[in-house]
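Structural description and commentary
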Amino acid sequence: MLFDANKAAKEGLIITKEPTLLGGDQYDIAAKFALDEPKEGGTVIVVRGDLEYDSITASSFANAIDADILLVEPNKIPYATLNALDKLKPDNIFIVGGLAAVSSEVEESLNVYCLACARISGENRYETSLNVAKKVQKLTNSDTVIITDGNAPVTYAASLAVKFNAPIVYLDESAPNAVNEFLEETNFVVETKLLREG
């Protein structure tokens, strides 16, 4: 069964525009959200901050385990993120994305701030989204998957993932066969599309 999120958005059923957030860059904003209601000793998810692919994928995982998402640059950790990690004192950190997204040097630095650090990744953003989705399905027993274009993902896919308690998978002509095979075993697929004005 296929749910057309584009149609639903036009009918006002979901939010189609992102709110404007003031008071810093994306690293500062993510840190502020994490520290708004800090969960000391919990789990933090770390993703690359200058591209949205892994953060959209990670949003479903964060929802499943009640974790905050913090952002890093591929080869360094911004001050705002370091400050948040120091205050949150997480037991566990999950990195979502490969070494091009979050380098091994950054991973080593993250190890200082937690008891255990693990990485969920794949050869590309499609495989990364698939591996995260499989983990989310095990946690939530969800029979729903949110799909969005791997080249032009829509940010409201993250909102849908929370609504349906479901993972997010990237799907387009570049997606490997494993993604299609995974979706064939899914009962309910929610498709997102890029919304255009006019």
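Residues numbered from 1 in each chain as written. Predicted model: local features only at pLDDT ≥ 70, side-chain atom pairs only at ≥ 80, totals over all residues. Heavy atoms only, no water.

1. Overview of the overall build of the protein
- If you tally the helices and strands in the protein, you get eight helices and eight strands.
- Out of the 198 residues belonging to the protein, those deemed buried represent 46%.
- When the accessible surface of the protein is totalled, it reaches about 10,300 Å², and 48% of it is carbon and sulfur. (Helix = DSSP H or I, 4+ residues; strand = E, 2+ residues; numbered from the N terminus. Buried < 20%, exposed > 50% of the residue type's maximum accessible area, 1.4 Å probe, protein only. Areas by Shrake-Rupley, 256 points an atom, 1.4 Å probe, with all protein chains shown as cover.)

2. Notes on the sheet that holds strand β2 (residues 43-48)
- Strand order in the open sheet formed by four strands is β3-β2-β4-β5, and the pairing between neighbours is parallel. Sheet topology places β3 (68-72) and β5 (116-120) at the edges, where each strand pairs with a single neighbour. Looking at each pair of strands side by side, their axes are set apart by 25° on average, direction ignored.
- The strands that helix α3 (residues 53-65) touches are β2, β3, β4 (92-96) and β5; relative to β2, the one it contacts most, it runs at about 175°.
- Along the sheet face, helix α4 (residues 79-88) touches β2, β3 and β4 and points at about 145° away from the line of β3. (Pairing = 2+ DSSP bridges. Axes fitted to C-alpha atoms, helices over the stretch in contact; angles between N-to-C directions. Contact = heavy atoms within 4.5 Å.)

3. Observations concerning α4
- Of all the positions in α4, only A80, T81, A84, L85 and L88 are classed as buried. Taken end-on, α4 shows its buried residues confined to a sector of 135°, consistent with a single buried face. (Arc of directions from axis to C-beta.)

4. Observations concerning the confidence of the model for the protein
- Residues with a pLDDT of 70 or more make up 85% of the protein, whose mean pLDDT is 87.
- Counting interchain partners and residues more than four positions distant, the pLDDT-below-50 stretch residues 1-22 has 37 contacts. (pLDDT = per-residue confidence, 0-100.)

5. Here's the deal with the nonpolar core
- Residues I146, V169, V179, F182 and L183 are the most contacted members of the largest nonpolar core, which totals 24 residues.
- Of all elements in the fold, only α3, α6 (125-140), β6 (144-148), α7 (156-164), β7 (168-170), α8 (177-184) and β8 (188-191) reach the threshold of two or more residues within this core.
- It is α7 that contributes the most residues to this core, four residues altogether.
- Formed by 19 residues, the second largest nonpolar core is a distinct cluster that contains I77, L88, V106 and L110. (Core = buried A, V, L, I, M, F, W, Y, C linked by side-chain atoms within 4.5 Å.)

6. Points about the pattern of salt bridges
- One pass over the structure, following the stated rule, counts two salt bridges.
- Between R48 and D50 there is a salt bridge, with the nearest N and O atoms lying 2.5 Å from each other.
- What makes D50 partly exposed here is its relative accessible area of 40%.
- In this structure, E107 engages R119 in a salt bridge whose closest nitrogen and oxygen atoms are separated by 2.8 Å. (Salt bridge = Lys/Arg side-chain N within 4 Å of Asp/Glu carboxyl O.)

7. Quick word on helix α5 (residues 104-111)
- Among the residues of α5, those classed as buried are V106, E107 and L110. Down the axis, α5 shows its buried residues gathered within 100° of arc, on one side only.
- Close packing links the buried residues of α5 with β2, β3, α4, β4 and β5.

8. Some words on the pairing of β6
- Here β6 lies mainly inside the structure; five of its five residues are buried.
- The alternating pattern of β6 places T144, I146 and T148 on one face and V145 and I147 on the opposite face, and all of these are buried.
- Judged from the four bridges that link them, β6 and β8 form a sheet pairing that is parallel. Within β8, the residue paired with I146 across the bridge is V190.
- Where β6 and β7 come together, three bridges link them in parallel fashion. Residue pairing across strands places I146 opposite I168, the latter belonging to β7.
- Remark: the β6/α7/β7 crossover connection has right-handed handedness. (Right-handed = clockwise from strand over helix to strand, strands pointing away.)

9. Description of the environment of N180
- Positionally, N180 belongs in helix α8.
- Accessibility expressed as a relative area gives 34% for N180, which makes it partly exposed.

10. A word on the packing of aromatic side chains
- One pass over the full model with this rule turns up three aromatic pairs.
- The interplanar angle of 85° and the centroid separation of 6.3 Å between the aromatic rings of Y53 and Y170 together place this pair among those described as edge-to-face. Taken together, the residues Y53 in helix α3 and Y170 in strand β7 connect sequence positions 117 residues apart.
- Classification of Y53 as buried rests on a relative accessible area of 16%.
- Taken together, a centroid distance of 6.1 Å and an interplanar angle of 50° make the contact between F164 and F188 tilted. Taken together, the residues span a long stretch of sequence, with F164 in helix α7 and F188 in strand β8 at a distance of 24 residues.
- Of the residues examined, F164 reaches a relative accessible area of 24% and is grouped as partly exposed.
- Sitting over the face of the ring of Y53, R125 holds its NZ or CZ atom 3.7 Å from the ring centroid.
- Sitting over the ring of F164, K163 keeps its end group 5.7 Å from the ring centre. (Phe/Tyr/Trp six-rings, centres within 6.5 Å; stacked < 30°, edge-to-face > 60°. Lys NZ or Arg CZ within 6 Å of the ring centre and 35° of its normal.)

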